[in-house]
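Secondary and tertiary structure notes
Spelled out, the chains give:
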Amino acid sequence: MVFRSLNRTFADEMSDKRQGLSAAEVSVSRLEHGENVLTPPRRQSMWRLYLEKYQDPMVRILLVAAMVSLVLSFVKNDFIETIGIIAAVFLATTVGFIFERDAARKFDVLTQLGEEQRVKVIRSLTPDPSPNGEGSHDTVVEIPRREVVVGDIVIVETGDEIPADGRLFEATDLQVDESSLTGELLTTKSPDHQKVSAYPSDLLLRSSMVMNGTGRYVVTAVGDETEIGHVARQATEITGVKTPLNMQLDRLAKLISKVGSGVSIAAFLVFLIHDILTNELWHTGDYVGMAEVVLKYFMMAVTLIVMAVPEGLPMAVTLALALNMRRMLKSNNLVRKLQASETMGAVTCICTDKTGTLTENRMTVFEMRNERNERNEGNGVPSELAKAIALNSTATHDVGNPTEQALLRWLQEQGVDYQQLRNDHPLTSRLPFSTERKYMSTTVGDTVYIKGAPEVVLGMLEMRNEKGEMRNGVGATKALQETLLEWQQHAMRTLAIAAVKLPKDYSLTSHLSPLTTEMLAIVAISDPLRKEVPAAIRQCERAGIDVKIVTGDTVQTALEIARQCGVVERNEGNERNEGNEKCITGAEFAALSDEAALNVVRGLKVMSRARPTDKQRLVSLLQQQGEVVAVTGDGTNDAPALNRAHVGLSLGSGTSVAKEASDITLIDDSFSSIVHAVMWGRSLYKNIQRFIFFQLVVNVTALLLVLFGAFLGTELPLTITQILWVNLIMDTFAAMALASLPPSREVMHEKPRSRDAFIITPGMARGIGIIGGLFFVGTFVLLYYFERIAGVDAHELTIFFCIFVMLQWWNLFNARTLGSNHSAFRRLYACRAFLLVLALVLVGQWLIVTFGGAMFRTVPLSLTEWLWIIIGTSPVLWIGEIYRKVKGKSEK
């Protein structure tokens, strides 16, 4: 990381003086370098967010229809149709806006930056100390994190989060978790400026956690100038990746506009030419009459366009997405962007992190064995072992070094109160862990407890004591080493615990080997796989979704987790460097050309030691191959890849930068929540298809009625208000009914849909054409009978209106079962919202007919007439039931 030279100079002065800043120096530093606050991504204004909803292709078609309708409204002096279309646009855009704003508020609560977190700093109480420090009086004070400035001396201890970037000048056994930036769980820090990892050993970075030890450092960068601030800016770049649903609705809008425009223009020309050839008016000088004829056919053409446009579709899609957003929250998926809930259903590849998503992110004792290589289970914990674990530790069961936390939790599970042991046995001295010694020790009375790397502690066992005797036999040591090797091959952390009895008047040094060392236990510690992960991975495989593990962990750890959860087989990955393209390291991947990498990414299963750029490049290459990619991540280093993916999935426990870059936040951090999100997304897409099927059947029927009615000279049987009831209000209810259908687990047995597949499948198109055609034939015959034989009055037109609506009402049952061979009554009791909407439509239709009067051109009908209409239109459902039954048997 490159710091400004001014920061370096200021920090050097402060670290040389080793004194806190005065109030005046704090003010100067804050004025020059700003507050220690990360600038949140620039949020769009509410107006801009609202106007974005008008970018929807279907909404644009409605706006065009509204403008044309407005022009005609002035001619006819009837604005009801225009008002209805504008109302449809307003509702569709406003509902989506309200739901997204609500999700944003929930997200803001979830991702509070915690700038009021208290930080220990050294400050000078002297108003203006002399340059050499004379007369200054320093004290440790606690201030909010936002008030930390460049030049402050910060004190950090186990469990603290580093509040700002800085240069370390004092450390005792300091180990830091930098996984949020580098992926490394534990990095040893020291004042020596050594490049031991991605960053120098004396550099502390904001957002990293102190896992062990203490330290003091001088702040060199705050706020946006920190390393996390630089990564955050990359995470907010606009990528312009279009969601699959957006692309499908674009295609549908173009199709509808082409069909509607084509039919209306053709009808206008055909009718006008026919009138010119057959009507004597065109051979006279009555130009006003001619203009009226042209206007008549033009209005008919516009009516055709309006009838072709599904006014309820934008509202239906918005409602479906919004309801899905709310319901996904119950399965621990906080959806920030409406479209993301559906895009999850199109995902073909999931690039998942390991820690926290596949594993519990909680180090746990896997197994413990005594000096005879016997499992220490069920017989209680030996007194000396309990004291060795409890006393030779600086952690508690929930704060401190993760390995020590795991040991202390294990003690608690065995019924041992480690805090009481500490109270009863005060320590005499402690030798902290160091990378050179590879062990730590604590002296309590005449006993030294040792904990460290097995090879070091076991080496002590083979040293002879002062009498030349060997304490433990080589055979026992060999058995322990074999057990340790087996654990290490399964990517577990291993420790050895021992005790040394000190002779009287012994002067403790850092070398314990000449003394008799008693072996107490060897331990295997792991971050266990979440119990639900293997089953979730198998679900993904059945659903045709490729799962890739991309992690900063070592090759062995990544492969072992991949084997445990079923991403790779047990025998895979052993010959990783000999042509096995399923496993690769970040460095190897970075060395590949784009062409070579493209050939590797599809078959790739595990990428270890991955850096942020590797993850982002992997996502881009997969997208080039047509994959719909979801990425999980919790660290700041994951943010660019989360932003690049079609769906970015951040963890609830992750950094605020990762959450800002994501589309969905997994509140419980679990991979199984991703599988639930896929199921919800696929079910949502089917629900949108069901509504499109239902809506277009209505539109095809109405379009054909207008077109053929004009051919035969019949008047439009439905008024504008009736059409708006069918196309807007009733369709909105239908959208709510179909969007509220519960997700089906059956969708997880299907392969992901192709990104290029049209939202209207061939089967849907046939169904729309056949059912819409049959509805048209039935209603047109009825209309012809009323107009040419029985005579048309308000009563007959009311019956026609009710028959038209009830045909669509029964067709809702068919729409519910679209894409399956199940009966429409299967689990109907579980679809309470669906049943409620059916009842509302029925009641609404009765209210309109009974009380609509002149506005809806209706008259009340008798109970007998209602029963005949309901029963007479019910074959729509029964024929559908027969068809599904026959189709199901034939497929079996």
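Read on for a plain summary of the structure.

What counts, and where the lines are drawn
- The residue numbering used here restarts from 1 in each chain and proceeds along that chain's sequence as written.
- Per-residue local features of the predicted model are confined to residues with pLDDT of at least 70, and side-chain atom pairs are confined, for both listing and counting, to 80 or more; whole-chain, interface and lining totals are unaffected and use all residues.
- Only hydrogens and water are set aside when side-chain values are computed; all heavy atoms of the structure are taken into account.
- Here the axes come from fitting lines to C-alpha atoms, over the contacting stretch only for helices, and the angles between their N-to-C directions go from 0 to 180 degrees.
- Only DSSP runs of H or I reaching four residues or more are called helices, and only runs of E reaching two or more are called strands; each is numbered from the N terminus.
- Here roughly perpendicular refers to angles of 65 to 115 degrees, roughly parallel to angles under 35, roughly antiparallel to angles over 145, and oblique to all remaining angles.
- Contacts: residue pairs with any heavy atoms within 4.5 Å of one another.
- As a working rule, the residues Ala, Val, Leu, Ile, Met, Phe, Trp, Tyr, Cys and Pro are called nonpolar, Asp, Glu, Lys and Arg charged, and the rest polar, with Gly in that last group.
- Only protein chains enter the accessibility calculation, which uses a 1.4 Å probe; a residue whose area is less than 20% of its type maximum is buried, one above 50% is exposed, and one in between is partly exposed.
- This arc corresponds to the set of directions leading from the helix axis out to the C-beta atoms.
- Following DSSP output, two strands are said to pair if at least two bridges run between them.
- For any pair of crossing helices, the crossing counts as left-handed if the nearer helix is rotated counterclockwise from the farther one by less than a right angle, and right-handed if it is rotated clockwise.
- Between rings of Phe, Tyr and Trp, where Trp is taken as its six-membered ring, a pair exists when centres lie within 6.5 Å; planes separated by under 30 degrees are stacked, by over 60 edge-to-face, and by other angles tilted.
- Two conditions define a charge sitting above a ring: the NZ of Lys or the CZ of Arg must be within 6 Å of the ring centre, and it must be within 35 degrees of the ring normal.

**Notes on the packing of helix 26 (residues 794-816) against helix 27 (residues 832-851)**
- At a closest axis distance of 11 Å, the pairing of helix 26 and helix 27 adopts a crossing angle of 175°. Taken together, the axis directions place helix 26 and helix 27 in an arrangement best described as roughly antiparallel. For the pair helix 26 and helix 27, the contacting residues are Thr798, Phe801, Cys802, Val805, Met806, Trp809, Leu812, Phe813 and Arg816 in the first and Phe834, Leu838, Val841, Leu842, Gln845, Ile848 and Val849 in the second.
- By residue class, the composition of the contact of helix 26 with helix 27 is 13 nonpolar, two polar and one charged.

**Some thoughts on helix 19 (residues 594-601)**
- Among the residues of helix 19, those classed as buried are Ala597, Val600 and Val601. For helix 19, the buried positions fall inside an angular range of 90° around the axis, keeping them on one side. The exposed residues of helix 19 that point more than 90 degrees off its buried face are Glu595 and Asn599.
- For helix 19, the elements touching its buried residues are strand 16 (546-550), helix 18 (586-591) and helix 20 (612-624).

**Quick word on the pairing of strand 15 (residues 517-526)**
- Of all ten residues making up strand 15, nine are buried, and the element is well covered by its neighbours.
- Relative to strand 15, strand 10 (residues 364-369) runs antiparallel, the two being bridged by five bridges. Note on strand 15: the bridge partner recorded for glutamate 367 is alanine 524.
- Pairing geometry for strand 14 (residues 493-501) and strand 15, over eight bridges, is antiparallel. Of the residues in strand 15, the one forming a bridge with arginine 493 is isoleucine 525.

**A word on the sheet that holds strand 20 (residues 647-651)**
- Overall, mixed pairing links the eight strands, which are arranged 8-21-20-19-9-16-18-17 in an open sheet. The open sheet has two edge strands, strand 8 (333-335) and strand 17 (583-585), and neither has a second partner. Averaged over all pairs of adjacent strands, the angle between their axes in this sheet comes to 20°, without regard to strand direction.
- Here two bridges tie strand 16 to strand 18 (residues 606-608), and the two strands are oriented parallel to one another. Paired with isoleucine 549 across the two strands is valine 606, which belongs to strand 18.
- Set on the sheet, helix 20 makes contact with strand 9 (349-352), strand 16, strand 18 and strand 19 (629-633); between it and strand 19 the angle comes to about 165°.

**Observations regarding the packing of helix 11 (residues 383-391) against helix 12 (residues 402-413)**
- Running from amino to carboxyl end, helix 11 crosses helix 12 at an angle of 140°, the nearest separation of the two axes being 9 Å. Classified by the angle between their axes, helix 11 and helix 12 sit oblique to one another. Here the hand of the crossing between helix 11 and helix 12 comes out left-handed. Judged by residue contacts, Leu385, Ala386, Ile389 and Ala390 of helix 11 engage Leu407, Leu408, Trp410 and Leu411 from helix 12.
- Of the residues assigned to the contact of helix 11 with helix 12, the class counts are eight nonpolar, no polar and no charged.

**Concerning the packing of aromatic side chains**
- Within this structure, the stated rule accounts for nine aromatic pairs.
- Judged by centre distance (6.5 Å) and plane angle (40°), the rings of phenylalanine 691 and phenylalanine 694 are tilted. Linking phenylalanine 691 with phenylalanine 694, this pair stays in helix 23 (residues 671-712), spanning three residues, or about one helical turn.
- Classification of phenylalanine 691 by relative accessible area gives buried; the value is 3%.
- Residue classification places phenylalanine 694 among the buried residues on the basis of a relative accessible area of 0%.
- A network of ring pairs unites the aromatic residues Trp809, Trp810, Phe813, Phe825, Phe834 and Trp878 as a single cluster.
- In this structure, arginine 617 is placed above the aromatic ring of phenylalanine 589, and the distance from its NZ or CZ to the ring centre is 5.0 Å.

**Remarks on the sheet that holds strand 12 (residues 439-444)**
- Taken in spatial order, the six strands make up an open sheet running 10-15-14-13-12-11, and their pairing is antiparallel. Looking along the sheet, the strands with just one partner apiece sit at the ends: strand 10 and strand 11 (429-431). Ignoring strand direction, the axes of neighbouring strands in this sheet form an average angle of 20°.
- Both strand 13 (residues 447-452) and strand 14 contribute to a ladder of six bridges, which runs antiparallel. Within strand 14, the position partnered with threonine 447 by the bridge is lysine 501.
- Here helix 12 sits on the sheet in contact with strand 10, strand 12, strand 13, strand 14 and strand 15, set at roughly 70° to strand 10.

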